[in-house]
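As a plain string of letters, each chain reads:
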Amino acid sequence: MGARNPAKRARTSASDDAPPKPMRRRKAGKLEQLLHMPLELLLEIFQFLEPLDVLRLARLTKSFRALLMHRSTRNCWRAALDNIEDLPEPFDGMSEPQWVNLLYHPQCYYCDKTVHNVEWSFKRRICSACWEQVTVLEGSAHRCFPHTSFGSWEIIRDLASAVPAQLSDGKRMLLQDEYVKTARTYLSKSPPERVEFLAQAAIAARAIEKHARECHEWFTTELETRYEHRFDARLSRVDEISEKLISLGWAAELEFLAESGEYPSFHFHKLVWQSRPLTPRIWQNIQGPLLEMFAGVRTRRLTYERNSLLRRRKLLSLRVLKAYKRSHIPLDGLMPECPDYFEFPPVKAIIERPSEETVDEASFAQIPAVLPALITSWREHIDADIHALLRDSALSEMDTTKALRSAMTLFSCDVCMEQQWSTHNQLPNHMGVANFRALTYPGVLSHKCLTRGQPNPADRPGPIREGREMDDIVYVSDVGITRALWSCHPLRVNRFFSEVASHIVTLAAKRVGVDVSLVTSKGMDKSTLYFFCEDCATEDDEGVISGEVAKWRLAISHVMSHHLPAGKANWRIMSKKELLAASVTKLTGRGDPHIYCNKICVHCHDTALERAPASLSSVVSHIKKSHSIAKPVLNTDYFCEFGSPPDSNGIHCKVQLKLSILDELDRKRTCVK
């Protein structure tokens, strides 16, 4: 045997010496006094109760149980049942307390789980777990007696029909214990008595099933009525609480919740959405949490009202920016959008004046005079960011200003890379990149991803929509696209893209005999040189080669789509005069939409209807349809995006060139040199 545990020592403290507190005697329950009332008076009172109330009283104390479960109080139960409208009679052989228990007590007959549905044909409530164990399919009921032969299948069928069935998913289910009981009774009788027994049992079973259907109809109606009463009681409680909050000065908050779509947070609050009547004691208990909740609502309401005021002021100030930008079309530089404009100190100071001050169009009268200087300062800040980005890349030993304008410096956008290309080592995938667009300075400053993103939350239209005009501050064409402060964070000076461009620009510089370090992107855009990819060309028996020619930007795009991962191709560079001389057929050019998409509608610019830059035909069609202008005019109804290359850079031609003429042109060019 193991050693015994040492006895615990009593804890000693100063409190041990104090005399024990006297035990308070519990007060006798007030309902106990009811038992001392005359029985006739009690029964008279109980007749006005509902059955559930009588059932609860019978389970309250032993005294009440002894009283209400005595046969002499049966009339009390009957009277309570009569108080329920259209209530069916109990099943045969079922006492009134059993009937009330079946009607109102939501407990499984076999376990303690809560069950809300009644299996009326079985006269029981059965949970799903017990259902699988205690029921059997009507056609398989004979398996409850696997070692007993009933003689024929007709007898098995008749025996199953002698037991009440409950429909479940369209199948007739039987209680195993009822079936076993019926079968045993059947086997205990003599053959002549069995036929009569089955007939009477089948009649009784059909009567139970019929009564069960009546009970089910009543129960369904009762549940609907009970739900309606409970729903009405909850609505009444919500109205009473709303009235009390209004009397305490929270009317504006209730209105804010209703208009903002947040009203369900109050309406269905666990302290509000209840069917219990609102008594003074209940209101005293829930008042504190509700007032704390409404204090937060008041904070949100005041914040929203302030933001709404600021948005209205921003709309007034935005008219100045729109007028200035329209007066400077065609654009001579990058123009700020409204998020940057609102951050200009003089504009911001007016917008953020106290709410009590009146701000109107006259308040912004001095802004047009200082706006040019503000925009110049903003552009200098942007150029400083781009120069810093170029210095950090260490791409070239050239001066940053020189390198920035060089045609060999290409940028990439992290947002676009993530959407279209493999991000491994910032290289496109080996299958090639479709619709590649070379980003060069200064056109890269207008790249869409630099001014689109997450805006200032205060600029978003709040829960109360104040009209579509309010979206001009934030949204562009679609609520999924939003304006943001200009930022070069998505940009990278891409070494691989720059190497592709360097190969093409070096060939072009060598062709015209200039220093490659002096070749700018604008100079390449103005150049009349055309590039013909000999790697993709095909030659026929007559000495004619077929392929495509394009300007330098589309040549870069061609390499990105057809010559990866090498990143270079064999080019034949020609002037337009040489191209026309060597061409066998007439040149027919096609515009590349990704170079051509540089036109912007003046009427939609800086509004919620603004669209991304599009092709000339698309913008003209939009202006005709949306603005009813028959003949749109350049720089009046539409303009070119700042920094975008000329349209000629987006033209590529399918050509057939005579190889002998090309060789002759090369010899002449060599002789000239």
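Residues numbered from 1 in each chain as written. Predicted model: local features only at pLDDT ≥ 70, side-chain atom pairs only at ≥ 80, totals over all residues. Heavy atoms only, no water.

Caption draft 1: The sheet that holds strand 1 (residues 135-137), seen in detail. The antiparallel open sheet is built from three strands, whose spatial order is 1-3-2. Both edges of this open sheet fall to strand 1 and strand 2 (166-168), since each of them pairs with a single strand only. Along the sheet, successive strands turn relative to each other by an average axial angle of 45°, direction set aside. Relative to strand 3 (residues 171-175), strand 1 runs antiparallel, the two sharing three bridges. In the strand pairing of strand 3, Leu137 is matched with Met173. Across the sheet, helix 8 (residues 176-188) is in contact with strand 1 and strand 3; its angle to strand 3 comes to roughly 70°. (Pairing = 2+ DSSP bridges. Helix = DSSP H or I, 4+ residues; strand = E, 2+ residues; numbered from the N terminus. Axes fitted to C-alpha atoms, helices over the stretch in contact; angles between N-to-C directions. Contact = heavy atoms within 4.5 Å.)

Caption draft 2: The packing of helix 18 (residues 495-512) against helix 20 (residues 552-562), seen in detail. Two elements in contact, helix 18 and helix 20, have axes separated by 10 Å at closest approach and are oriented at 125°. It follows that helix 18 is oblique to helix 20 by the angle criterion. Of the two possible hands of crossing, helix 18 and helix 20 adopt the one that is right-handed. Contacts from Phe496, Phe497, Val500, Ala501, Ile504 and Val505 in helix 18 reach Trp552, Ala555, Ile556, Val559 and Met560 in helix 20. For the contact of helix 18 with helix 20, a count of residues per class yields 11 nonpolar, no polar and no charged. (Parallel < 35°, antiparallel > 145°, perpendicular 65-115°, else oblique. Left-handed = near helix turned anticlockwise from the far one by under 90°. Nonpolar A, V, L, I, M, F, W, Y, C, P; charged D, E, K, R; others polar.)

Caption draft 3: Expanded view of the pattern of salt bridges. As enumerated under the stated definition, the model contains 25 salt bridges in all. For Glu337, the salt bridge goes to Arg452, with nearest N and O atoms at 3.0 Å. With Glu337 in the loop between helix 12 (280-327) and helix 13 (338-342) and Arg452 in the loop between helix 17 (414-420) and strand 5 (475-476), the pair connects residues that are 115 residues apart, well separated along the chain. By relative accessible area, Glu337 is classed as buried at 10%. Across the pair Glu534 and Arg572 runs a salt bridge whose closest N-O atoms are separated by 2.9 Å. With a gap of 38 residues between them, Glu534 in the loop between strand 8 (530-533) and strand 9 (538-539) and Arg572 in strand 11 (residues 571-574) connect regions that are remote in the sequence. Judged by its relative accessible area of 13%, Arg572 falls in the buried class. (Salt bridge = Lys/Arg side-chain N within 4 Å of Asp/Glu carboxyl O. Buried < 20%, exposed > 50% of the residue type's maximum accessible area, 1.4 Å probe, protein only.)

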